[in-house]
Amino acid sequence: MTAEPSSLAPRDVAGLLESVGATIRAEFAALPDAALAWHPAPGEWCAKEVVGHLIEAERRGFAGRIRIILAADEPALETWDQGAVARARRDCERPAAAIVEEFDALRRESVALVTGLRVGDLGRGGRHPMVGHLEIRDLLHEWVHHDRNHLRQMLANVQALVWPHMGNARRFSGE
């Protein structure tokens with residue numbers, strides 16, 4: 001039986017946040033705008049909207065909540081309507097470079113925030129109306145998980161984009 005892995009230190013989380021930023025920059029630099037704005041199915045986000053969601057989740061959910069928790073003892077944490085915010089942002093229509101610049105600036109601030117956390121900060125928390133008590137350490141680990149979930153989504157969009165153009169090579173992928 002495998003032992004449960006140890007939790008990540010803030011410096012480890014900061015490194016993982018930076019690595020997602022590097023991957024997003026690389027994908028956005030490599031893909032044409034039409035591919036970044038392509039929707040794999042009705043109601044699914046394009047790559048630009050995925051990054052727009054990461055921006056808002058960082059502001060409202062992760063870095064935002066950490067700042068709220070650091071500023072008060074057991075504060076009330078708010079929910080937000082992710083779909084409505086995504087529709088209001090209209091990222092699919094925005095230039096890819098503007099989205100990446102917005103993400104990069106926010107991510108640099110977030111990495112500095114996470115890097116500056118002290119051990120005593122990790123147990124501080126607040127109350128979320130849907131999930132209850134959340135500590136900073138919980139948010140840090142969820143942030144890593146959330147980033148990778150949406151990075152996977154963005155990469156799956158690219159896979160879906162190229163799939164019809166693979167011809168018989170699709171048989172290598174278990175068509």
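Refer to the structure presented above.
Quick caveat: nothing in here was measured; it's all calculated off a predicted structure. (Residues numbered from 1 in each chain as written. Predicted model: local features only at pLDDT ≥ 70, side-chain atom pairs only at ≥ 80, totals over all residues. Heavy atoms only, no water.)

Visitor: I'm lost on helix 3 (residues 47–71) in this one. Help?
Guide: In an α-helix there are 3.6 residues to a turn, and that puts residues three or four apart on one side. Here helix 3 spans 34 Å end to end across 25 residues, near enough to the 36 Å set by a 1.5 Å rise per residue. The sharpest bend along helix 3 measures roughly 50° and falls at Gly64. For helix 3, the buried fraction is high: 19 of the 25 residues fall into the buried class. (Helix = DSSP H or I, 4+ residues; strand = E, 2+ residues; numbered from the N terminus. Expected span 1.5 Å × (residues − 1). Bend = angle between axes of the 7 residues up to and from the residue. Buried < 20%, exposed > 50% of the residue type's maximum accessible area, 1.4 Å probe, protein only.)

Visitor: Mind showing me how you'd approach unusual backbone geometry here?
Guide: Note: most residues except glycine have negative phi, and most peptide bonds are trans. For Glu74, which is not a glycine, the phi torsion comes out positive at approximately 50°. Within the fold, Glu74 resides in the loop between helix 3 and helix 4 (82–89). Positive phi, close to 55°, is recorded for Arg90, a residue that is not glycine. The residue Arg90 is located in the loop between helix 4 and helix 5 (96–115) in this model. Relative accessible area serves as the criterion here: at 48%, Arg90 is assigned to the partly exposed category.

Visitor: What am I meant to see in the environment of His145 here?
Guide: Mapped onto the elements of the fold, His145 is located in helix 6 (residues 136–162). The exposure class assigned to His145 is exposed, which follows from its relative accessible area of 58%. Taking the C-alpha atoms as reference points, His145 and Leu122, separated by 23 residues in sequence, lie 17 Å from one another.

Visitor: Any chance you could explain the packing of aromatic side chains here in plain terms?
Guide: Think of a pair of aromatic rings as described by two things: how far the centres are apart, and how the planes are tilted against each other in angle. As enumerated under the stated definition, the model contains one aromatic pair in all. Judged by centre distance (5.4 Å) and plane angle (10°), the rings of Phe62 and Trp143 are stacked. Remark: Trp143 occurs in helix 6 and Phe62 occurs in helix 3; sequence separation between them is 81 residues. A relative accessible area of 4% means that Phe62 is categorised as buried. With relative accessibility at 0%, the residue Trp143 sits in the buried group. (Phe/Tyr/Trp six-rings, centres within 6.5 Å; stacked < 30°, edge-to-face > 60°.)

Visitor: Explanation requested: the environment of Val20 in the structure shown.
Guide: Checked against the element boundaries, Val20 lands in helix 1 (residues 10–30). For Val20, a relative accessible area of 1% puts it in the buried group. For the pair Val20 and Thr79, spaced 59 residues apart in the sequence, the C-alpha separation amounts to 24 Å. Aside from chain neighbours lying at most four places away, what touches Val20 is Arg107, Asp147, Arg148 and Leu151. (Contact = heavy atoms within 4.5 Å.)

Limitation: the analysis is restricted to geometry and does not speak to function.
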